[in-house]
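# Structural description and commentary
Residues per chain are reported as follows:
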Amino acid sequence: MRRSPKETEVSTRRITRRGLLLGGAQAAVVAVLAARMRKMQLEDAKQYRLLAEGNSVKIRLIPPARGLIFDRNGVMLAGNEQNYRVTITREDTDDVDATLEALRRLIPITDGDTKDILHDIRRRPPTTPVTVADRLTWDEFSRVAVNGPSLPGVSPDVGLSRLYPRREDFGHVIGYVGPVSDYDLSKMKDPDPLLLIPKFQLGKTGIEAKEESVLRGAAGQRRVEVNSAGREMRELSREPGQPGENLQLTLDYRLQNYALQRLEEESAATVVMDVTNGDVLACASAPSFDPNLFVRGISVADYQRLTQDDHRPLADKTVQGLYPPGSTYKMVTALAALEAGLVTPEETIWCPGYVEIAGRRFHCWKGAGHGHVNMTKSMEQSCDVYYYELSQRVGIDKMSDMAKRLGVGVRPDLPMSAVKEGVAPTKEWKRERYGKDWLIGDTANAAIGQGYVLASPMHLAIMAARIASGKKVEPRLIRARDGVEQPIRVTDDLGVEKVYLDSVRKGMTAVVNSSRGTARGSRIAMKEWKMAGKTGTSQVRNITKAERARGVIRNEQLPWNRRDHALFVAFAPIDNPRYAVSVVVEHGSGGSTAAAPIARDVLLFALAGGLPPDDAYPSFARAKAKELNETLDLVDPDTVQKPQSRSRA
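Residues numbered from 1 in each chain as written. Predicted model: local features only at pLDDT ≥ 70, side-chain atom pairs only at ≥ 80, totals over all residues. Heavy atoms only, no water.

Our focus in this paragraph is the overall build of the protein chain. The helix and strand inventory of the protein chain stands at 22 helices and 21 strands. Sorting the 649 residues of the protein chain into buried and exposed places 50% on the buried side. Pairs at least 24 apart in sequence give 73% of the contacts found in the protein chain among residues at least 6 apart. (Helix = DSSP H or I, 4+ residues; strand = E, 2+ residues; numbered from the N terminus. Buried < 20%, exposed > 50% of the residue type's maximum accessible area, 1.4 Å probe, protein only. Contact = heavy atoms within 4.5 Å.)

Our focus in this paragraph is the environment of Ala-102. Along the polypeptide, Ala-102 turns up in helix H3 (residues 96–104). By relative accessible area, Ala-102 is classed as buried at 17%. Taking C-alpha positions, Ala-102 is 9.9 Å from Val-144, a pair spaced 42 residues apart along the chain.

Attention shifts here to the pattern of salt bridges. Under the criterion given, the structure shown has 30 salt bridges. Its salt-bridge partner being Arg-466, residue Glu-474 comes within 3.3 Å of it at the nearest N-O pair. You'll find Glu-474 and Arg-466 in the same group, each marked buried. Put simply, Arg-66, Arg-162, Glu-208, Glu-212 and Arg-216 are held in one network by salt bridges that share partners. (Salt bridge = Lys/Arg side-chain N within 4 Å of Asp/Glu carboxyl O.)

Here we come to the pairing of strand S3 (residues 76–88). Where strand S2 (residues 69–70) meets S3, two bridges bridge the pair, whose relative direction is antiparallel. Note on S3: the bridge partner recorded for Ile-69 is Ala-78. Where S2 hands over to S3, the hairpin turn is made up of five residues, of which Gly-74 adopts a positive phi near 90°. Taken together, the ten bridges between S3 and strand S5 (residues 154–163) define a ladder with antiparallel strand orientation. Note that in S5 the partner of Thr-87 across the bridge is Ser-155. (Pairing = 2+ DSSP bridges.)

Summed over all chains, the structure comprises 13 aromatic pairs. Each ring, one from Trp-429 and one from Tyr-434, has its centre 5.7 Å from the other, and the planes form 75°; the classification is edge-to-face. Here Trp-429 falls in the partly exposed class, since its relative accessible area comes to 21%. Among the residues examined, Tyr-434 registers a relative accessible area of 43% and is labelled partly exposed. When the ring of Trp-438 is compared with that of Tyr-452, the centres are 5.9 Å apart and the planes differ by 45°; the resulting orientation is tilted. Here Trp-438, found in the loop between helix H16 (427–434) and helix H17 (440–447), pairs with Tyr-452, found in the loop between H17 and helix H18 (457–469); they are 14 residues apart in sequence, far enough to count as distant. Residue class for Trp-438 comes out buried when judged on its relative accessible area of 13%. Through successive ring pairs, a cluster of aromatic residues spans Trp-429, Tyr-434, Trp-438 and Tyr-452. (Phe/Tyr/Trp six-rings, centres within 6.5 Å; stacked < 30°, edge-to-face > 60°.)

Within helix H14 (residues 384–394), eight of the eleven residues are buried, which leaves it mostly tucked inside the rest of the structure. Of the positions making up H14, those classed as buried are Asp-384, Val-385, Tyr-386, Tyr-387, Tyr-388, Leu-390, Ser-391 and Val-394. Trailing H14 by a residue or two, Gly-395 shows a phi angle of about 85°, which is positive.

Contact geometry of H18 with helix H19 (residues 498–513) gives a least axis separation of 9 Å together with a crossing angle of 115°. Taken as a pair, H18 and H19 cross one another with a handedness that is left-handed. Residues Ile-467, Ala-468 and Ser-469 of H18 form the contact with H19, whose participating residues are Leu-501, Val-504, Arg-505 and Met-508. Residue composition of the contact of H18 with H19, by class: five nonpolar, one polar and one charged. (Axes fitted to C-alpha atoms, helices over the stretch in contact; angles between N-to-C directions. Left-handed = near helix turned anticlockwise from the far one by under 90°. Nonpolar A, V, L, I, M, F, W, Y, C, P; charged D, E, K, R; others polar.)

Before going further, it helps to spend a moment on unusual backbone geometry. The linkage connecting Ala-286 with the following residue, Pro-287, adopts the cis geometry, with an omega of -5°. Mapped onto the elements, Pro-287 comes out in the loop between strand S12 (280–286) and helix H11 (300–307). Following Ala-572, the chain continues to Pro-573 via a peptide bond in cis, the omega torsion being -10°. Considering the arrangement of structural elements, one finds Pro-573 in the loop between strand S20 (565–572) and strand S21 (579–585). One non-glycine residue, Ala-358, lies in positive phi territory at about 50°. With respect to the element layout, Ala-358 can be found in the loop between strand S14 (354–357) and strand S15 (360–363).

Attention now moves to the sheet that holds S21. Spatially, the five strands line up as an open sheet ordered S12-S11-S21-S20-S19, and their pairing is antiparallel. Looking at strand neighbours, the two that pair on one side only are S12 and strand S19 (532–538), the edges of this open sheet. Averaged over all pairs of adjacent strands, the angle between strand axes in this sheet comes to 5°, irrespective of strand direction. In the sheet, S20 pairs with S21 via seven bridges, with the strands oriented antiparallel. Residue pairing in the sheet places Phe-568 in a bridge with Val-583 of S21. Relative to S19, H19 is tilted by about 75°, and along the sheet it contacts S19 and S20.

Mapped onto the fold, Pro-324 is located in the loop between H11 and helix H12 (330–339). Taking the C-alpha atoms as reference points, Pro-324 and His-565, separated by 241 residues in sequence, lie 8.5 Å from one another. Those residues in contact with Pro-324 that lie beyond four places of it in its chain are Gly-449, Gln-450, Val-453, Leu-454, Ser-538 and Leu-567.

On to the state of the cysteines. Applying the stated rule across the entire model yields zero disulfides. Here Cys-383 is not disulfide-linked; the sulfur of Cys-351 is the nearest cysteine sulfur, at 3.6 Å. (Disulfide = S-S within 2.5 Å.)

As a further point, take the side chain of Thr-318. Looking at where Thr-318 falls in the secondary structure, it is placed in the loop between H11 and H12. Not counting chain neighbours up to four residues away, the residues in contact with Thr-318 comprise Ala-269, Thr-270, Val-271, Cys-283, Ala-284, Ser-285, Met-416, Ser-456, Pro-457 and Met-458.

Below, the discussion takes up the packing of H12 against helix H15 (residues 396–405). Remark: H12 packs on H15, axes separated minimally by 9 Å, with the N-to-C direction vectors making an angle of 115°. Compared by their axis directions, H12 and H15 come out roughly perpendicular. H12 and H15 meet at a crossing whose hand is right-handed. Along its contact with H12, which presents Val-332, Thr-333, Leu-335, Ala-336 and Glu-339, the element H15 presents Lys-398, Met-399, Met-402, Ala-403 and Arg-405. (Parallel < 35°, antiparallel > 145°, perpendicular 65-115°, else oblique.)

Tyr-386, Met-463, Val-504 and Phe-568 are the most contacted members of the largest nonpolar core, which totals 135 residues. Counting residues per element, this core draws most heavily on helix H21 (residues 591–608), which supplies eleven residues. Once residues within four sequence positions are removed from consideration, Met-463 is found in contact with Thr-328, Met-331, Val-332, Leu-406, Val-408 and Val-569. Counting 21 residues, the second-largest nonpolar core is a separate cluster that includes Tyr-84, Val-96, Val-132 and Phe-141. (Core = buried A, V, L, I, M, F, W, Y, C linked by side-chain atoms within 4.5 Å.)

The next point concerns the side chain of Asn-445. By the secondary structure assignment, Asn-445 is in helix H17. Residues within four places of Asn-445 in sequence aside, it is in contact with Arg-360, Phe-362, Gln-450 and Gly-451.

Confidence in the prediction for the protein chain averages 86 pLDDT; 87% of positions are at 70 or higher. This stretch, residues 643–649, has a pLDDT under 50; its non-local contacts, to residues over four places away or in other chains, come to 17 contacts. (pLDDT = per-residue confidence, 0-100.)

Following this line, the structure appears as structure tokens:
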């Protein structure tokens, strides 16, 4: 079919338009390609020339600065120090053995170190750097840097390492960091890439572990160009990481230092709390340890020395140690009976030296008995029979309820390792725990803090603080995060009538300040600082009927680990309580002789803000106190450097 001239003209126009569009598109593509070629050949020529020679771009993580930890006065307790180190990356070296041998000629690397390095290299991804040596001197570091071109895959690096300037003083509370282990990684579902950095330090115990997520910070990264030999040629870009948060604790470094030294060579613990706000001012467990030993990995010899010591220096006795509280628990029994209306402070109970309960004889510590005693006298002289009798009236469940209101049998909410709950037993508790029924004798034992009752020094300090203040004081260990004050955890009123608390406080005052009080030898002479307290001695062995018949063996005649524990709780001043303290001396024999003097001295240091004046002690105790204080190596506040700013660099 032949087209008409008009149809032919229209078709020709369409072909011409399509040709123009196609030609335009081709021209645009050619222009873009030409521009790209110009950029590559002229502007980016140097970059592509280097890449053509075998260079490549690597992404390196930048570890953030770990957050700093300060005491309440701004004194650094955990900081960071510069650390010169050398790493090797398997992917960037052809012969690891040869490279290590070359490094051994420059810096000290033992055969054992070499074996460990090769083991780490084999089990790590080839792109992950492995630390060859750290904490190098500047001369050693410089030798490696100068010889860098002949050491493929080796990178000199400047990092940060944890440092604890107060050493043993805060070993248990702050804890320590250590290199990330396979065990650490196995506990994590999706570990932070930071943890794969060689020798990266992770919180292992204490605040370092409990606050790891905020202390660690976030990684930065840098893009570096490396040549075919694995040597870094230049840094292309850098994105700094986010430093960890700085923490300020409620602890006072001077009081902590004094308290730990005052515990001397004992296996013991003490806790000091501000009863007005719950701040923990001292939390000392003796003996302690230097956390710096663990930062790079502790030696076998040092670790064995710590683990084989029968005084258990690695255990934080302040929150991990659980002890029968002995007679310090009598305030619990007294308050439970008062609140239930089953006794009045004036009512007297006859103590002949023992009482028969369910066919069993329960003895008072004083074999001849105390005669007629009311509540004040029962605390003053620590009469056991009085509390045996109260226990039969009030019952274990009410005693347990009062104990928990005072903080015993409740796990303190603190960022510390292995914080124990303690035991304020009930009938149901024994049935669930042991599958046995509760016995009447169990109640009698619990009334004087024996049997199933268990408490830590932290529990006992909380109990003393609540009795002193009448408030539900909660312990606080972190005062501020990055300068932001944390809320004070004093909540509701304790819910115990003031008249009942006053009766117990009166008894505790008599314990220390009356002529027949069990802690009269540890009283404070200055009226404005006088303290109230309660002694406690808890048995760690059973005394048989036969032994009682022939005479109970004195603690001094027993091996150390079979002697009674010594306890004391107190608060001061009596009229306007400010501080509460608890002391437990393992196998210290008696609360009045071993624990009360320590508590008195620690309280005086807190009240005075340092060593107290001589007239704070009774005249008969001044010479001994002066002699003791002169033997202590106390930290001098003028020699402690505080950071100029709370920088996280």
